[in-house]
Structures are given as structure tokens and as C-alpha cells.
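Residue strings, one per chain:
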Amino acid sequence: MASTAKKAKKSVDALEDESVALEAVDSCQNEIDALNEKASEEILKVEQKYNALRKPFYTKRNDMIKRIPNFWVTAIVNHPQISGILEEEEEECLQFMEKLEVEEFDDIKSGYRIHFHFEENPYFENKVITKEFNLGSSGESPVSSSTAIKWKPDHDLTKSLPKKLTDVRRKRRLEYRTFFDWFTDNNDPINDDIAELIKDDLWPNPLQYYLVPDVEVEQEDDDEDGEGCEEFGEEADEEEDDEVEDEEEKAS
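Read on for an overview of the structure. These numbers come from a predicted model, not from an experiment. (Residues numbered from 1 in each chain as written. Predicted model: local features only at pLDDT ≥ 70, side-chain atom pairs only at ≥ 80, totals over all residues. Heavy atoms only, no water.)

Some details on the overall build of the chain
What counts, and what does not: Starting at the N terminus, helices and strands are each numbered in turn, a helix being any DSSP run of H or I of at least four residues and a strand any DSSP run of E of at least two. A 1.4 Å probe rolled over the protein chains alone gives each residue an accessible area, and that area as a share of the maximum for its type sets the label: buried under 20%, exposed over 50%, partly exposed in between. The contact criterion used throughout is that any non-hydrogen atoms of two residues lie within 4.5 Å. Here the open area of atoms and residues is found with the Shrake-Rupley method and a 1.4 Å probe, where only the protein chains shown may cover a residue.
Secondary structure summary: the chain contains eight helices and six strands in total. Helices (α) and strands (β) of the chain occur, in sequence order from the N terminus, as α-α-α-β-β-β-β-α-β-β-α-α-α-α. Counting the 252 residues in the chain, one finds 30% classified as buried. Excluding contacts between residues fewer than 6 apart, the proportion of contacts in the chain whose partners are at least 24 apart in sequence is 56%. With the model as given, the accessible surface of the chain reaches about 17,000 Å², and the carbon-plus-sulfur share is 50%.

Digging into the environment of Asn134
So the rule is basically this: Two N or O atoms count as a polar contact when they lie within 3.5 Å, although within protein this holds only if one can serve as hydrogen donor and the other as acceptor, and sequence-adjacent residues are included solely when both atoms are side-chain atoms.
One can find Asn134 in strand E3 (residues 128–134). Through-space distance from the C-alpha of Asn134 to that of Ser144 is 5.9 Å; in sequence the pair is 10 residues apart. The residues contacting Asn134, other than those within four sequence positions of it, are Phe105, Ser110, Ser141, Pro142 and Val143. Among the polar contacts listed, one links the side chain of Asn134 to the side chain of Glu132, at a separation of 3.1 Å.

Description of the nonpolar core
The following threshold applies: Only buried Ala, Val, Leu, Ile, Met, Phe, Trp, Tyr and Cys residues count toward a nonpolar core, and they belong to the same one when joined by side-chain atoms within 4.5 Å.
Counting 37 residues, the largest nonpolar core has Leu100, Phe116, Phe180, Trp182 and Ile198 as its most contacted members. Those elements that place two or more of their residues in this core are helix H2 (71–78), helix H3 (88–94), strand E1 (97–104), strand E2 (111–118), E3, helix H5 (179–184) and helix H6 (193–202). Each residue touching Trp182, except ones within four places of it in the same chain, is listed here: Ile85, Phe116, Lys131, Arg177, Asp192, Ile194, Ala195 and Ile198.

Quick notes on unusual backbone geometry
Of note in this structure, Asn70 is not a glycine but carries a positive phi near 60°. With respect to the helices and strands, the residue Asn70 is situated in the loop between helix H1 (2–65) and H2. Judged by its relative accessible area of 35%, Asn70 is partly exposed. In this model, Asp154 sits at a positive phi of 65°, which is unusual for a non-glycine residue. One can find Asp154 in the loop between strand E4 (143–146) and helix H4 (157–160).

Description of the pattern of salt bridges
Using the following cut-off: Counted as salt bridges are all cases of a side-chain nitrogen of Lys or Arg within 4 Å of a carboxyl oxygen of Asp or Glu.
The tally for this structure, following the rule as stated, stands at six salt bridges. Note that Arg113 is salt-bridged to Glu132, the shortest N-O span being 2.8 Å. In this pair, Arg113 sits in strand E2 while Glu132 sits in strand E3, placing the two residues 19 residues apart along the sequence. Here Lys152 makes a salt bridge to Glu120, at a shortest N to O gap of 3.1 Å. In this pair, Lys152 is assigned in the loop between E4 and H4 and Glu120 in the loop between E2 and E3, connecting sequence segments 32 residues apart. Taking the relative accessible area as the measure of exposure, Lys152 reaches 18% and is therefore buried. The class for Glu120 is exposed, based on a relative accessible area of 52%. Through salt bridges with shared partners, a single ionic network connects Glu103, Arg113 and Glu132.

Rendered as C-alpha cells:
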């Protein structure tokens, strides 16, 4: 009996020690969380600072891009994900796009706007169409909104084009969408992969997508050179095998 009582006492001590340790861990975790929150605030300030520094370069880049015919539509067509929702007639429409611009809110986490600037075109009256995302960082539910497109008669691409199946978005069910269907769709702003790709991939460096065909041509040339060397190597191996077989026949 004495042995059993002693064992029970050890268990109580262990539980008390564990409770003290858990309180200490919780205290450390609170300190870590406080530092993480402070880091997020400081990172936000740095991002805001560099957004301001980048802005004049984005403006200068857009001014230069205007001198390159069909720059933006080419970059979009060459983008492996965004091009997946682009119909041929929409591509013709986007040839009139002279500028794309992403404008992040001062509080970067709260949202952004994507502006599409157009020349006079046969499809719609708007000079600028904008898709805006309010991501609800202040506790509100995320929402998005789109400029109402003033389509010219018989040129409404949201009605005249066949719907298209795309699996671009990871978190939403598959939907039949085209580019302008995406633009007017505001059902699930928090999981809009196309908008994220434009903001985080296409906008920061569109040149890499504009130049994609040239890169592919160079790669094809390299592949052809490699294939030639490989064929030469295979022929050499075959000749060597034939010589070995001849030597074996003579020996026999």
C-alpha cells in the first residue's frame, strides 16, 4: 500500500510540473505572437515605403510600353494561366488595351484595384475599366466590384462568346468563364486566382511574358542542337557495337 501511495504522489507532482511548464510555454507564445504582430506592422510600413518608391518607375515603364504595339495583349496571351480564360475575340478586343495598372491601397492588406486602360475601340465606350478588391482586413467581409462596361451594339462579349471551362482557381469549383466573365464576376473575391496572378505575377514583370516566344525559339534551337549531338552519339555507339561483333566472329 505504501508503494502505491508513493507512486500516486509522483503523478500529482508530474501533473503540477506539467501545468507550470504549460503556463510558461503559453507566456512565451504570447511574447512570440506580440513580436509577430509588431513585425507585420513594420513589414507593412516597409512595403508602403517601397510601393511609393516603385510608383514612378511603373509610370515610366507604362509610358515606354505605349510605344510597343500590342504589348499587354501579347503578355496576357503568353501567360500560361491567364491565357487559359481568353477567347480569340477577347484577344482582338484586348489589342486596344494601352495600359494596365495595379493600384494597392495604402493599407496593403486591405485591397487593391486593377485598371485596364483602352484606346477607342469597336467593343465598348469605356476608356478605363476597373476591378476593385476590398479584402476586409478591418473585420468586414471581402468584396469586389467591377466597372459597368458600356458595350456597343452587338459587341457584348459576355453574351456573344461561348462559355469556357477553366480550372485556374484552386479553391473554387470549376466554372465556365471567359476573360470578361472573370472581370464581371464578383462572387468570391478572396479566392480570385486570376486577379492575384495579374497583381503578383504579370504586373511586377510583364516583360518576361512579352518575350516568351523569343525564349521558346532559343530553347527549340538548343534542343535541335542537342538532338543532333545525341543522334551522332547513338550512331557512334552502333558503329562500335558492330566492330565488337566483327572481332568476336573472327575470333570464333
